[in-house]
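Survey of secondary and tertiary structure
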Amino acid sequence: MLSITEAAWMVSYEVMGGPLADASVWRGALVWAIAFYGPLSAPLSKLESSLEDSDLPESVRQPTLVISSLLLALATGVVTQLAFSWALGPGWASSLGVVAVGWSVLLIFADTRKDD
């Protein structure tokens, strides 16, 4: 027989169901966020220019830009991981995220070489 505390403990874990309760989804989402951080930083240049024109002090502008770019990459990573997890499974989706990270790094280095 379960005590009231044990029963309440079990019930609280039942509430935490769904795909976001799986740790592999979050690990894959972080991999995808790393893969998308570079490509998503370019569109944030509009936000950066609007922050430069605002009356905010420099000590607030830079953290705002960094936090917004990280949140955008993380949100995109979660959505991408959930979509690929649904289509391929969480393990394959995370592996595909690792490939995307490698591809992003390759594109960044290729673009840097072109500028020289």
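Above this text sits the structure in question.
Cut-offs applied
- Residues numbered from 1 in each chain as written.
- Predicted model: local features only at pLDDT ≥ 70, side-chain atom pairs only at ≥ 80, totals over all residues.
- Heavy atoms only, no water.
- Helix = DSSP H or I, 4+ residues; strand = E, 2+ residues; numbered from the N terminus.
- Polar contact = N/O pair within 3.5 Å; in protein donor to acceptor, adjacent residues only side chain to side chain.
- Contact = heavy atoms within 4.5 Å.
- Phe/Tyr/Trp six-rings, centres within 6.5 Å; stacked < 30°, edge-to-face > 60°.
- Buried < 20%, exposed > 50% of the residue type's maximum accessible area, 1.4 Å probe, protein only.
- Salt bridge = Lys/Arg side-chain N within 4 Å of Asp/Glu carboxyl O.

1. With respect to the side chain of Q81
- Within the element layout of this structure, Q81 appears in helix α4 (residues 58-88).
- For Q81, the side chain forms a polar contact with the side chain of W32, separated by 3.2 Å.
- Excluding anything up to four places from it in sequence, Q81 contacts S24, V25, G28, A29, W32, P90, A93 and S94.

2. A closer look at the packing of aromatic side chains
- Counted according to the given criterion, the structure contains 2 aromatic pairs.
- Geometrically, the ring pair formed by W32 and F36 is stacked, given 5.6 Å between the ring centres and 25 degrees between the ring planes. One end of the pair is W32 and the other is F36, both in helix α2 (residues 23-41) and 4 residues apart, which spans about a single turn.
- According to the relative accessible area criterion, W32 is buried, its value standing at 5%.
- Classification of F36 as partly exposed rests on a relative accessible area of 23%.
- Between the aromatic rings of W32 and F84, the centroid separation amounts to 5.3 Å while the plane-to-plane angle is 25 degrees, which identifies the pairing as stacked. Of the two residues, W32 is situated in helix α2 and F84 in helix α4; the sequence distance between them amounts to 52 residues.
- A network of ring pairs unites the aromatic residues W32, F36 and F84 as a single cluster.

3. Some points on the pattern of salt bridges
- A full pass over the atoms with the stated rule returns 1 salt bridge.
- Between R61 and E58 there is a salt bridge, and its shortest N-O distance comes to 3.5 Å. With R61 and E58 both in helix α4, this residue pair falls 3 residues apart, about one helical turn.

4. With respect to the environment of L56
- Note on placement: L56 falls in the loop between α3 (45-53) and α4.
- Of the residues examined, L56 reaches a relative accessible area of 32% and is grouped as partly exposed.
- Setting aside anything within four residues of it in sequence, one finds L56 in contact with L51 and R61.

5. Things to note about the side chain of S69
- Of note, S69 is situated in helix α4.
- A polar contact of 2.9 Å, which involves the side chain of S69, links it to the backbone oxygen of V66.
- Residue contacts for S69: discarding those within four places in its chain leaves Y37 and L44.

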